[in-house]
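# What the coordinates show
Each chain, written out:
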Amino acid sequence: MSYMALYRAWRPQNFSEVVGQEKTVKALQNALQQGRVSHAYLFSGPRGTGKTSIAKIVARAVNCSRPEEGEPCNQCPSCADILQGNFMDVIEIDAASNRGIDEIRDLREKVRMLPAQGKKKVYIIDEVHMLTTEAFNALLKTLEEPPDSVIFILATTELQKIPATILSRCQSYHFRRLTAEEIVERLRQVALSNKMKVSAEGLELIARRANGGLRDALSSLDQIYSYKGTEIDKQAVLDVLGLVDDLYLSRLMEAIFARDVGAVIEMLGQALQEGKEAQQIAREAVLYLRDLLVYSLLGTEAELAVVTDSARPYLDNLREKIEPAQVMKALNTLMAGADRLRFSEGNRFQLEMAFLELVALGAEQKPSADARPPRTVRTKAPVSVTKPAQNASADGTKTQSKAAESPNGGDGKTTQQAWARLLAAVKEKKIPTHALLAQGKLLEHKDQAITIGFKKAYKFHKEKLEESANKNILEESAKELWGRSASVSLVFLEEDSAQDPVVKRALELFGEDIVEVKE
Ligand SMILES: Nc1ncnc2c1ncn2[C@@H]1O[C@H](COP(=O)(O)OP(=O)(O)OP(=O)(O)O)[C@@H](O)[C@H]1O
Ligand SMILES: [Mg+2]
Ligand SMILES: [Zn+2]
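Once a new chain begins, its residue numbering starts again from 1 and follows that chain's sequence as written. Whichever chain is written first is A, and whichever ligand is written first is 1; the rest continue in order. Selection of residues for local features in this predicted model requires a pLDDT of at least 70, selection of side-chain atom pairs for listing and counting requires 80 or more, and totals for whole chains, interfaces and linings are taken over all residues. With hydrogens and water excluded, all non-hydrogen atoms of the structure serve as input to the side-chain values.

## So, the coordination of the zinc ion (ligand 3)
We count it as follows: For Na, K and Ca the donor cutoff is 3.2 Å, while for all other metals N, O and S atoms count as donors only within 2.8 Å; water does not appear among the atoms, so some sites may look incomplete. Geometry is assigned from the angles between donors: four donors with all angles from 85 to 135 degrees make a tetrahedral site, four or six donors whose opposite pairs exceed 155 degrees while the rest stay between 65 and 115 make square planar or octahedral sites respectively, and everything else is labelled irregular. Note on classification: 1.4 Å probe, protein chains only; a residue is buried when its accessible area is under 20% of the maximum for its type, exposed when over 50%, partly exposed between these limits.
Of the protein atoms, only Cys64 (SG), Cys73 (SG), Cys76 (SG) and Cys79 (SG) coordinate the zinc ion (ligand 3), at distances of 2.2 to 2.4 Å. Each of the 4 donor atoms around the zinc ion (ligand 3) contributes to a set of angles spanning 102 to 119°, which defines the coordination as tetrahedral. Read from N- to C-terminus, the donor residues coordinating the zinc ion (ligand 3) fall into the pattern C-x8-C-x2-C-x2-C. Of the two residues, Cys76 and Cys79, both sit in the buried class.

Okay, here's the thing in structure tokens:
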């Protein structure tokens, strides 16, 4: 018997086997149970998160002769035929393969014919965003007056490419990326039933690299298994997936921040000798710095991309020594270096250049500990990253005592001074609040209405400031400075955060999900 890829062997066959996607599963299962199935669904979300699998479960459930609680039985003749792909009324169209014109035309002709075999005709149109405009229009005509006996399930990874006219006619479900824990759990199950022994760190690494997609995770496991057999440890995962060991990266970073040029060169040479690709080393180091940055900001809440438990002590150590702003700079520098390697076949010299640039950055030492806001994991002490805001906060420090002496002055000053005074007043009350505020910008100070703008990238800061404890401090400070009826509002700046070169580069390298650190 031929070997069936793990991800195919492990396609969930009913709702209870689906990992995650709870809301979607619940809504669909309820609708099926109560006979309230809609005539058109749109499933959107990242690759390998269950869209096609769930579409097929729905197709069976509506045609099953003895469904239970909305689940297909998977045994009756209809279920069996659908599982084997022999059921005439479940029609799968892959819009990616020929962009669908012929199939949709065919669909328009046949859609009004009653189901031949089952209760409902189910059209599953995968990658629906790939349809041509004509095909979309044809589909739209059908969706406008769908026959009772037909259900459409459209699936896409690119919701933004679906025309609004189609969207408005479908019930839409968004599929989320699965968490690393959810993926680890499923991998563990799969490993167990295939008699594989995968170490905990190995599972963790595979899961994190899958970026929320279970298909990719299962494919990786398959690949590692076929190279390494049933005993799979962290090293096996690193080898097969071409990853760089996080312990190695930790030592490399320590050498960089200790400005130990000799050690850096030696370690790079060693990795190349072991057969790692130059670009891979740089990219993995970028991810390591990214981990260091989010760990500095969020502490144990951070979801780390490359650092496993065994390297966490290094991370703790680095985070004590290095300011987040400095990590940000290093990240930016190394991203540029990794980029250059991509276009240069990545030779040793260029790899060394990329890392020595980081060593040069390390020359700027961390300011003395007591000049920094206290860093507690709970308050998620934020970083100061942007230069303009940094300047403003420096001004704030200078005017601090003055503002404290004459809290009611301030009429007729420039906006810049008003901002400095507000920052100073807030700083006096609570340093963490000041650190949040310092990322903003005074947009308007008119009469007693103060408007502060934040770049979209500082959503976290704006939201934190809107929490009542922080907002009260802001309002109180404003009142002290400008009188009882002073009020403060926080808004987003018009500019698009994606324009920010650092954010843009980070987005290119990691994809939106990692960089925005939202949700
Ligand atoms: N939520 C999930 N629960 C269980 N298994 C899943 C899930 N998502 C994906 N898988 C695994 O990945 C395989 C592929 O999933 P599926 O085809 O449903 O993904 P998809 O969302 O349609 O992806 P694509 O957008 O690439 O078409 C499944 O056969 C299954 O092994
Ligand atoms: Mg699919
Ligand atoms: Zn059945």
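## A few points about the environment of Gln448
Short version of the rule: Helix numbering and strand numbering both begin at the N terminus, where a helix is a DSSP run of H or I of at least 4 residues and a strand a DSSP run of E of at least 2. Whenever a nitrogen or oxygen atom comes within 3.5 Å of another N or O atom, the pair is scored as a polar contact, on the condition that within protein one atom can donate a hydrogen and the other can accept it, and that pairs from neighbouring residues in sequence are kept only if both atoms are in side chains.
Mapped onto the secondary structure, Gln448 falls in the loop between β8 (441-446) and β9 (449-454). Separated by 35 residues in the primary sequence, Gln448 and Gly483 have C-alpha atoms spaced 7.6 Å apart. One polar contact links the side chain of Gln448 to the main-chain carbonyl oxygen of Trp482, over a distance of 2.3 Å. A distance of 2.5 Å separates polar atoms of two side chains, one belonging to Gln448 and the other to Ser485.

## Some remarks on the packing of aromatic side chains
What counts here: Here a pair means two rings of Phe, Tyr or Trp (six-membered ring of Trp) with centres within 6.5 Å. Their orientation is stacked below 30 degrees between planes, edge-to-face above 60, and tilted elsewhere. Lysine and arginine charges are scored as sitting over a ring when NZ or CZ, respectively, is within 6 Å of the ring centre and within 35 degrees of the ring normal.
One pass over the structure, following the stated rule, counts 5 aromatic pairs. Ring centres 6.3 Å apart and planes at 45° place the aromatic pair Tyr41 and Phe43 in the tilted group. On the basis of relative accessible area, Tyr41 is assigned to the buried category, the value being 2%. Between the aromatic rings of Tyr123 and Phe152, the centroid separation amounts to 5.4 Å while the plane-to-plane angle is 20°, which identifies the pairing as stacked. Remark: Phe152 occurs in strand β4 (residues 150-156) and Tyr123 occurs in strand β3 (residues 121-126); sequence separation between them is 29 residues. Aromatic rings pair up to connect Tyr41, Phe43, Tyr173 and Phe175 into one cluster. The lysine or arginine in question, Arg215, covers the ring of Tyr7, its NZ or CZ lying 5.8 Å from the ring centre. Stacked on the ring of Tyr295, the Lys or Arg Arg319 has its end atom at 4.9 Å from the ring centre.

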